[in-house]
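# Residue-level structural notes
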Amino acid sequence: MTRDEFLAQLGELLSCLPENQAQDARRFYDEAIADRMEDGMSEEEAVAAVGTPEEAAAAALEELPAVPRAVAKTRRRSSALLWVLVILGSPVWLSLLVAFVCVALSVYLCIWALVGCAWAVALALGAGGAAALAFVAAGIGIGNVPFALAMAGSGLALVGMALLAGAGAWALTRAFARISALWAQKALSPFKKLEVDDKTTGEAHRPPRIHLAIAGVLIVLGVGLAAVGFAASGFDAGVFSVQLDAQTGAAVLGGVQLDHPLGIFPLS
Amino acid sequence: MEAQMKRGFLEACVLRAVRDEESYGYRIVKDVPACMGLTESTLYPLLKRLEKAGCITVRSAEHNGRLRKYYRITDVGRQRVDEFLAEWPSVQEIYRYVEGAQQ
């Protein structure tokens, strides 16, 4: 084989690469052959010494990620064959692909549903706390002090728990967002070469955990207040109850029936 | 030779070949010990990898009316050679351990 034949074959085998990369490989082997001829070999010997064009092409393609390399290798045989395989195999690979994507997607959605649940719990606790605190005003309005205390206590405790649950939900969200990014990278890795950045996620720049301290104080304070209210009511669990009937307009706060509920709450 | 090990050895050999002065493809193939069986098709991706990792620099210069690429080691490359050499005691230890199985 002559030098020109070798280089032409190599160029053809590397036609799947960008032109500058194929050119770079051709120049490298051109130089290797020329140096051997300068060293006293005949052209034939020099070409034989650098190996076959197939070996050279395989080596140049070695650094490609898996999928482009497979495509390049199949194309090397024949692009028609590649398309025949793709089309004939489509009932198999297409359905497998769809199934795989669906499973991956549903697992992914489940994970985010879990995160959504965490947020819903936090939100529900917060809303419950806010409602309880609103009833404090009503308790004071009707002069039912144990009820007001019980509501204030459980309101504060619920808000504290909402803070805790919110912090947990936030941590979950961040963790899954990070995992999602990792998975996306993994999923793309057969197609694209990725720079691996070993960014150590910062334990160092954690935000101060002041909200956790606040939550703790709120819960302790709330439970204390609620206990006082409970005691003041003569240990009647009804002190924690609120019954509102939107149809009759009747209201029972902390076990005490109100005579004129409409004065306190704009019930229809 | 085991593939991963050979890869590490080859890398160290090529870095050594361009350490004291710059060198070019054919000369690297000749300089590296024959037992490594280094050929152009092994050398080409290896040089690319080393260049990408910043272990060597490349320049083109004219030689006999044609261009030839010359490779030279960088500080990062030197450091990698040092790391390779620093592993020798543990390689020796492993060798002695495996050799012990023969007796």
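All of these numbers come straight from a predicted model, not from anything done at the bench.

Let us now look at the packing of aromatic side chains. Applying the stated rule across the entire model yields 10 aromatic pairs over all chains. Their ring planes at 50° and their centres at 5.9 Å tell us that A:Phe6 and A:Tyr29 sit as a pair that is tilted. With a gap of 23 residues between them, A:Phe6 in helix 1 (residues 3–13) and A:Tyr29 in helix 2 (residues 19–38) connect regions that are remote in the sequence. As far as the burial class goes, A:Phe6 and A:Tyr29 line up, both buried. Ring centres of A:Phe28 and B:Tyr44 lie 4.9 Å apart, and the angle between their planes is 55°; this geometry places the pair in the tilted category. Highlighted residues: A:Phe28 in helix 2 and B:Tyr44 in helix 3 (residues 40–52), drawn from two different chains. Aromatic rings pair up to connect A:Phe6, A:Phe28, A:Tyr29 and B:Tyr44 into one cluster. The positively charged end of B:Arg68 is found above the aromatic ring belonging to B:Tyr24, 3.5 Å away from the centroid.

Residue and element names in this part refer to chain B. Bridge count between strand 1 (residues 56–63) and strand 2 (residues 66–73): eight bridges; the pairing is antiparallel. In the strand pairing of strand 2, Arg-59 is matched with Tyr-70. Hairpin connection from strand 1 to strand 2: two residues lie between these consecutive antiparallel strands, with Asn-64 at a positive phi of about 50°.

This paragraph deals with the side chain of B:Arg68. As for its position among the elements, B:Arg68 is in strand 2. The contact partners of B:Arg68, leaving out residues within four places of it in the chain, are A:Glu31, A:Asp35, A:Glu38, B:Tyr24, B:Arg59, B:Ser60, B:Ala61 and B:His63.

Here we take up the side chain of B:Glu11. Residue and element names in this part refer to chain B. Its location among the elements puts Glu-11 in helix 1 (residues 3–17). Using a relative accessible area of 16% as the deciding quantity, one classes Glu-11 as buried. Leave out the neighbours within four places in its chain, and Glu-11 touches Leu-46, Leu-50 and Arg-80.

To continue, consider the pattern of salt bridges. For the structure shown, the criterion picks out 17 salt bridges over all chains. Salt-bridge contacts for A:Glu19 lead to A:Arg26; the nearest nitrogen and oxygen are separated by 3.3 Å. The salt bridge partner of A:Glu38 is B:Arg66, with a shortest N-O separation of 2.8 Å. Taken together, the residues A:Glu38 in helix 2 and B:Arg66 in strand 2 connect one chain to another.

What counts, and where the lines are drawn
- Residues numbered from 1 in each chain as written.
- Chains lettered and ligands numbered in written order.
- Predicted model: local features only at pLDDT ≥ 70, side-chain atom pairs only at ≥ 80, totals over all residues.
- Heavy atoms only, no water.
- Phe/Tyr/Trp six-rings, centres within 6.5 Å; stacked < 30°, edge-to-face > 60°.
- Helix = DSSP H or I, 4+ residues; strand = E, 2+ residues; numbered from the N terminus.
- Buried < 20%, exposed > 50% of the residue type's maximum accessible area, 1.4 Å probe, protein only.
- Lys NZ or Arg CZ within 6 Å of the ring centre and 35° of its normal.
- Pairing = 2+ DSSP bridges.
- Contact = heavy atoms within 4.5 Å.
- Salt bridge = Lys/Arg side-chain N within 4 Å of Asp/Glu carboxyl O.

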